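# Observations on the model geometry
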Amino acid sequence: MAQQELEKPNVSSILATLKVFTKQKDLQKGILIHDELLKTGLIEHNIYVGTQFITFYARCGELAAAQQVLEELPIRNVVTWSTLIAGYTQLGECREALNYFEQMLSEGLCPDVITFIFMLKACGNMMAIGKGKKIHASIVSSGLLEKDIVLGTALVDMYSKCGQIGKAREVFEKLTIRNAIVWTTLIAGYVEHEHSEKALECFEQMQREHIHPDAFTFVLCLKACGNIGCIRKGKTFHAKIVEGGSLMKDCLFDTALMDMYAKCG
């Protein structure tokens, strides 16, 4: 009992220290801790410490080391797998992320929201629409989509990046909760695929639902106005930005406004 009581603060201290090194991306100090803990066997017997080391190495860009930590864990759960998958996706190694997703499934583990979000991001980046649709089906069958707006946004983004803007809109319409982020994601998809009129219509509908746009929403709408040469709406957006006050501090607007006015002649 005494040994267990002493072990808890040690683990907490290790996790806290490693989180600091992860934030700082201090690879050398993290490796020193790793080397010391390998002698104690703590990593192999504590899944939380193992997961934090996967996060640490992934954040430092050392994906091979992160993979090795995972492979040496005697027990792996959905969190450890999702941490590795997230690391590969964030560093653009999307095909590897998909491979590890398949390995996770082969171990009989059920993906959680985080796993699905990074898988959708990987599919979008690779334009792997077939895989994306299969993941969408898994999400629907799990019942997670109805509860999580971030997951819904990831789906809209995946379909948009894969050029399936109609499907993105279909997913969007089925969401029970819609915030500024998911609206902006849909607007970005319309602008990217040259449906600027639709993008501006979305903004109007967003306003009717009393959803407040953020700086990126306005930048997209300015781009849409420039694309179709709609100077009247462009000036309206300019006025809204000025009225916003704090929005004007965002340097994104300088380029977006100049670009819009230039395209409108």
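Below or above, wherever it landed, is the structure these notes cover. (Residues numbered from 1 in each chain as written. Predicted model: local features only at pLDDT ≥ 70, side-chain atom pairs only at ≥ 80, totals over all residues. Heavy atoms only, no water.)

What follows concerns the environment of Arg76. When you line up the elements, Arg76 lands in the loop between α5 (63-72) and α6 (78-90). The class of Arg76 is partly exposed, set by a relative accessible area of 24%. For the pair Arg76 and Glu201, spaced 125 residues apart in the sequence, the C-alpha separation amounts to 47 Å. Those residues in contact with Arg76 that sit more than four places away from it in its chain are Ile47, Leu70, Glu71, Trp81, Glu107 and Leu109. Of the polar contacts made by the side chain of Arg76, one reaches the backbone oxygen of Leu70; its length is 3.3 Å. Within the structure, Arg76 has its side chain in polar contact with the backbone oxygen of Glu71 (distance 3.4 Å). (Helix = DSSP H or I, 4+ residues; strand = E, 2+ residues; numbered from the N terminus. Buried < 20%, exposed > 50% of the residue type's maximum accessible area, 1.4 Å probe, protein only. Contact = heavy atoms within 4.5 Å. Polar contact = N/O pair within 3.5 Å; in protein donor to acceptor, adjacent residues only side chain to side chain.)

With 84 residues, the main nonpolar core has Val49 and Phe53 as its most contacted residues. Those residues in contact with Phe53 that lie beyond four places of it in its chain are Leu18, Gly30, Ile33, His34, Leu37, Ile43 and Val69. (Core = buried A, V, L, I, M, F, W, Y, C linked by side-chain atoms within 4.5 Å.)

On inspection of all chains with the given rule, the structure shows 11 salt bridges. Here Glu36 ties to Lys39 by a salt bridge, and the two come within 3.4 Å at their closest N and O atoms. Taken together, the positions of Glu36 and Lys39, both in helix α2 (residues 27-40) and 3 residues apart, correspond to about one turn of that helix. Assessed through its relative accessible area of 66%, Lys39 is described here as exposed. In this structure, Lys161 engages Asp157 in a salt bridge whose closest nitrogen and oxygen atoms are separated by 3.2 Å. One end of the pair is Lys161 and the other is Asp157, both in helix α10 (residues 149-161) and 4 residues apart, which spans about a single turn. Judged by its relative accessible area of 25%, Asp157 is partly exposed. Through salt bridges that share partners, Arg169, Glu173, Arg178 and Glu209 make up one connected network. (Salt bridge = Lys/Arg side-chain N within 4 Å of Asp/Glu carboxyl O.)

Structurally, the α-helix is built with 3.6 residues per turn, so residues lying three or four positions apart point the same way. With 14 residues, helix α8 (residues 113-126) should cover 20 Å at 1.5 Å per step; its first-to-last C-alpha distance of 20 Å lies within 8% of that length. Among the 14 residues that make up α8, 10 are buried, leaving the element largely enclosed by the rest of the structure. Listed as buried for α8 are Val113, Thr115, Phe116, Ile117, Phe118, Met119, Leu120, Ala122, Cys123 and Gly124. The elements touched by buried residues of α8 are α6, α7 (94-106), α9 (129-142) and α10. One side-chain oxygen at the N-terminal end of α8 lies 3.2 Å from the backbone nitrogen of Ile114; it belongs to Asp112. The first or second residue beyond α8 is Met127, which carries a positive phi of 55°. (Expected span 1.5 Å × (residues − 1).)

Summed over all chains, the structure comprises 0 disulfides. The thiol of Cys202 is not disulfide-bonded; the next cysteine sulfur, from Cys221, is found 9.0 Å away. Take Cys225: it sits in no disulfide, and the sulfur closest to it among the cysteines is that of Cys230, at 5.3 Å. Exposure remark for Cys225: the relative accessible area of 0% places this residue in the buried category. (Disulfide = S-S within 2.5 Å.)

What follows deals with the environment of Thr51. Its location among the elements puts Thr51 in helix α4 (residues 47-59). Here the alpha-carbon distance between Thr51 and His34, two residues 17 residues apart in the chain, equals 12 Å. Sequence-distant contacts of Thr51, that is, excluding residues within four places in its chain, are made with Val79, Thr80 and Thr83. Only 2.7 Å separates the side chain of Thr51 from the backbone oxygen of Ile47, close enough to count as a polar contact.

This part is about the packing of aromatic side chains. Summed over all chains, the structure comprises 9 aromatic pairs. Between Trp81 and Tyr100, the aromatic rings sit 6.3 Å apart at their centres with planes inclined by 40°, giving tilted as the arrangement. Here Trp81 is found in helix α6, whereas its partner Tyr100 is found in helix α7, with 19 residues between them in sequence. Assigned by exposure class, Trp81 and Tyr100 land together as buried. An aromatic cluster is built from Phe53, Phe56 and Tyr57, whose rings are joined through pairwise contacts. (Phe/Tyr/Trp six-rings, centres within 6.5 Å; stacked < 30°, edge-to-face > 60°.)

The next thing to look at is the packing of α8 against α9. The geometry of α8 relative to α9 is characterised by a closest axis approach of 9 Å and an angle of 160° between their N-to-C directions. For the element pair α8 / α9, the angle class is roughly antiparallel. Like other packed secondary-structure pairs, α8 and α9 cross with a definite hand, here left-handed. Note on element contacts: α9 touches α8 through Lys131, Gly132, Ile135, Ser138, Ile139 and Ser142, opposite Phe116, Met119, Leu120 and Cys123. Within the contact of α8 with α9, the residues separate by chemical class into 6 nonpolar, 3 polar and 1 charged. (Axes fitted to C-alpha atoms, helices over the stretch in contact; angles between N-to-C directions. Parallel < 35°, antiparallel > 145°, perpendicular 65-115°, else oblique. Left-handed = near helix turned anticlockwise from the far one by under 90°. Nonpolar A, V, L, I, M, F, W, Y, C, P; charged D, E, K, R; others polar.)

By themselves, these figures tell us nothing about what the structure is for.
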